[in-house]
Amino acid sequence: MIIEPTYTGKQYWLTTVISGLLLSVLLSFTYIVFYQRLYVEFSFLFSIIYLIPFVWLSITLAFFKNKFVWKEFTYWKAFLMSFISGILGSIVFCGVIYLLYANGGLESRIGLYENGRQMRELFSPLATAVSMLIINVILSLFYSLIIAIFARKKV
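Our subject in this report is the structure included herewith. What you see is a predicted model, and the numbers here were worked out from it, not measured in a lab.

This next bit is on the nonpolar core. Of all hydrophobic cores here, the largest spans 31 residues; its most connected members are Tyr7, Tyr12, Tyr31, Leu61, Phe64, Phe73 and Phe93. Counting residues per element, the ones that place at least two in this core are helix 1 (9-37), helix 2 (52-68), helix 3 (75-102) and helix 6 (125-151).

As structure tokens, then:
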């Protein structure tokens, strides 16, 4: 008798949470390195930070599908796993960004380009973290929609 294993709820959610946390670590590390080493006023290389979630979420779903899914993996399950991982990673990443800017780990470089009070308010630690959160959540939504198309598996 051949038993076809498939994933459990625990494996699904554990993979989702671990993926989100590792995504936040990867994003934070990349952001800090790029900000300290490659910061230029108009740097296109810095845009790589927005492609990291796409690559990471694709790897996560490929890993989960090949490791745990032997039967059916629906579009909705693939989308939900990818989207929740992306949101969790974005929240933790934006918390790290806020703490780094607020506590002096990263210094704002707005003073180099503009001395206005309004610019300082627009690029405060809270505003920077919230804008990064909004951008990453929107990108996670689009990335999840695309990735789930290729990750679903039918019997």
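That was the structure; now back to the text.
On to the side chain of Ser19. Following the sequence through the fold, Ser19 ends up in helix 1. With near-sequence residues (within four places) excluded, Ser19 lies in contact with Trp56, Leu57, Thr60 and Ser85.

Time to look at the packing of aromatic side chains. For the coordinates displayed, the defined rule picks out 6 aromatic pairs. Judged by centre distance (5.1 Å) and plane angle (90 degrees), the rings of Tyr12 and Trp13 are edge-to-face. Exposure remark for Tyr12: the relative accessible area of 2% places this residue in the buried category. Plain terms: the ring middles of Tyr31 and Phe93 are 5.8 Å apart, the flat faces sit at 75 degrees to each other, and that makes the pair edge-to-face. Within this pair, whereas Tyr31 is found in helix 1, its partner Phe93 is found in helix 3, the two being separated by 62 residues in sequence. Across this residue pair, the class does not change: Tyr31 and Phe93 are buried. The ring of Tyr12 carries the charged tip of Lys77 above its face, separated from the ring centre by 5.2 Å.

Moving on, we come to the environment of Ser85. Summarising the element assignment, Ser85 is placed in helix 3. For Ser85, a relative accessible area of 1% gives the class buried. In this structure the C-alpha to C-alpha distance between Ser85 and Trp56, which are 29 residues apart in sequence, comes to 9.7 Å. Discounting residues that sit within four places of it in the chain, Ser85 has contacts with Thr16, Ser19, Gly20, Leu23 and Leu57. A polar contact is formed between the side chain of Ser85 and the backbone oxygen of Thr16, at a distance of 3.0 Å.

Now for the environment of Trp13. Examined against the element boundaries, Trp13 turns out to sit in helix 1. Distance in space between the C-alpha atoms of Trp13 and Met81 is 7.8 Å, their sequence separation being 68 residues. Each residue touching Trp13, except ones within four places of it in the same chain, is listed here: Leu80 and Ile84.

What counts, and at which threshold
- Residues numbered from 1 in each chain as written.
- Predicted model: local features only at pLDDT ≥ 70, side-chain atom pairs only at ≥ 80, totals over all residues.
- Heavy atoms only, no water.
- Core = buried A, V, L, I, M, F, W, Y, C linked by side-chain atoms within 4.5 Å.
- Buried < 20%, exposed > 50% of the residue type's maximum accessible area, 1.4 Å probe, protein only.
- Helix = DSSP H or I, 4+ residues; strand = E, 2+ residues; numbered from the N terminus.
- Contact = heavy atoms within 4.5 Å.
- Phe/Tyr/Trp six-rings, centres within 6.5 Å; stacked < 30°, edge-to-face > 60°.
- Lys NZ or Arg CZ within 6 Å of the ring centre and 35° of its normal.
- Polar contact = N/O pair within 3.5 Å; in protein donor to acceptor, adjacent residues only side chain to side chain.

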